[in-house]
Structures are given as structure tokens and as C-alpha cells.
Amino acid sequence: MILAIDPGTTRSAWVLWDPFQRTISRHGCEDNHEVLDRLASRSWDDNTVMVVEMIASYGMPVGAEVFETCVWIGRFVQAWSPDDGHVRRAWRRLYRREVKLHLCGSARARDANVRQALLDLVGPRGTKCAPGPTYGLRADEWAALGVAVTAAASDETTTSDETTTAQMGLAL
């Protein structure tokens, strides 16, 4: 499983993606403190890998919100894989540019292009009476799904649930 996070200054979106079934298991957008508690819990499967969207600098001035988001990314990683004697869980950073290039073939793609690519790849939203694979995703949860799908595609030779961190190029 891949737990993908689109971090924000106060709230973050997350998607739990099964790369083998190509399905969304769970998703949400919560206050950062709630996400932090969720990550720190020991209830995650040991094979779950966290992938968090990372901030990239393109030479333009940035505001305090960007730095606050960077702090939250660090806190999420620390909560997910603490150095406290427990098993350290695998994690990886992924830049938005990588998501755009993978899903749309262009770094200039916009959020609407990424969303449409995900609809084409994962499946339609559907309706309340007949929900599709992406039914219920809102706002930043689409960005988190893009992170998950891109991370899963980073190693197209993976064929089993026994994915190792080396296979996915992940940090411990």
C-alpha cells in the first residue's frame, strides 16, 4: 500500500492507494495535527510506504506558508518513521513536477490536467447511486492520488505485495 500525502500549512490531504489492485482504500483531508496522530499510530501495515509531496524551489521568492508546509513535511516523516527502536517504515519524497510529467507528459500541466489524467487512468467518479473508483475525492485529495499513482509507477516491475524499499527507491 502507498500512503500519499499532499501537505498544507494547516490541513493535508491523503490517499491510501493499493498499487496492485489499483484502487483507493481510504482518503481524507484533515487538520495537520490529526494527520500527525494518524501517521504516528502503529496501526499501519508494515508494507505501507508513505510518499509525501515535497516543496521545490524555482528561484522565486516564497512566503511563510511555504516554510510552514516544509516544517509539517518534516514532522510527518518523523512521525511515520521515528528513530525510537521500533521498525522504521519506508517513506519517500516526490515533487509535483514528477507527478505532472508522469501523468500528463508536461511539467506545465495544471491541476485540471492532472485530475483528468487520473480520471482516465483510475476511473470515473460515478454517482451516489453508482459510485466509481474516484467517487468522493475532493480538492487536494486529487493531488494526493497523483502522488500515489506516480510513486507506484516509479517501479513498473513490482508484481507482488512483497515490495521492498530497494525496489521502490525509498528511504528508511
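A brief structural summary. Everything numeric here is computed off the predicted structure, so don't read it as measured data. For every chain, the first residue of the written sequence is number 1, and numbering continues from 1 onward in sequence order. Two thresholds apply to this predicted model, a pLDDT of at least 70 for residue-level local features and 80 or more for giving and counting side-chain atom pairs, whereas whole-chain, interface and lining totals are computed over all residues. For side-chain calculations, the full set of non-hydrogen atoms in the structure is used, while hydrogens and water are omitted.

1. Overview of the packing of aromatic side chains
Stage number 1. Only Phe, Tyr and Trp rings are paired, with Trp represented by its six-membered ring, and only when their centres lie within 6.5 Å; those with planes under 30 degrees apart are stacked, over 60 edge-to-face, the remainder tilted. Counting across every chain of the model gives two aromatic pairs.
Stage number 2. Here W72 and F76 contribute two aromatic rings whose centre-to-centre distance is 5.8 Å and whose plane-to-plane angle is 40°, an arrangement assigned as tilted. Highlighted residues: W72 and F76, both in helix α2 (residues 64–80), separated by four residues, approximately one helical turn. Note on accessibility: W72 and F76 belong to one class, buried.
Stage number 3. For a Lys NZ or an Arg CZ to count as sitting over a ring, it must be within 6 Å of the ring centre and within 35 degrees of the ring normal. The side chain of R89 reaches across the aromatic face of W80, ending 4.1 Å from its centre.
Stage number 4. For R115, the ring lying beneath its charged end belongs to W142, and the centroid distance is 4.7 Å. Only DSSP runs of H or I with at least four residues qualify as helices, and only runs of E with at least two residues qualify as strands; both kinds are numbered from the N terminus onward. Here's how the labels work: a residue is buried when its accessible area is under 20% of the maximum for its type, exposed when over 50%, partly exposed in between, all with a 1.4 Å probe on protein chains only.

2. Some remarks on helix α4 (residues 111–122)
Stage number 1. In this analysis, the expected span of each helix is defined as 1.5 Å times one less than the number of residues it contains. With twelve residues, α4 extends 16 Å from end C-alpha to end C-alpha; this agrees with the ideal 16 Å at 1.5 Å per step.
Stage number 2. Of the positions making up α4, those classed as buried are V114, A117, L118, L119 and V122.
Stage number 3. The inward-facing, buried residues of α4 contact β2 (11–18), α3 (96–104) and α5 (140–153).
Stage number 4. At the exit of α4 stands G123, carrying a positive phi of roughly 135°. Residue contacts follow a heavy-atom distance rule, with two residues in contact if any of their heavy atoms lie within 4.5 Å.

3. Concerning the sheet that holds strand β1 (residues 2–6)
Stage number 1. Strand pairing requires that DSSP identify at least two bridges connecting the strands. Reading across the sheet, the five strands line up as β3-β2-β1-β4-β5 and stay open at both edges, with mixed pairing between neighbours. Edge positions in the open sheet fall to β3 (23–31) and β5 (91–95), since each of these has one partner strand only. The sheet shows a mean angle of 20° between the axes of neighbouring strands, direction not considered.
Stage number 2. One ladder, built from eight bridges, connects β2 with β3; its direction is antiparallel. In the sheet register, W17 faces β3, and the bridge partner there is I24.
Stage number 3. Note on geometry: axes are lines fitted to C-alpha atoms, helical ones only across the stretch in contact, with angles between N-to-C directions running from 0 to 180 degrees. α2 contacts β1, β2, β4 (49–54) and β5 of the sheet and is inclined by roughly 170° relative to β4.

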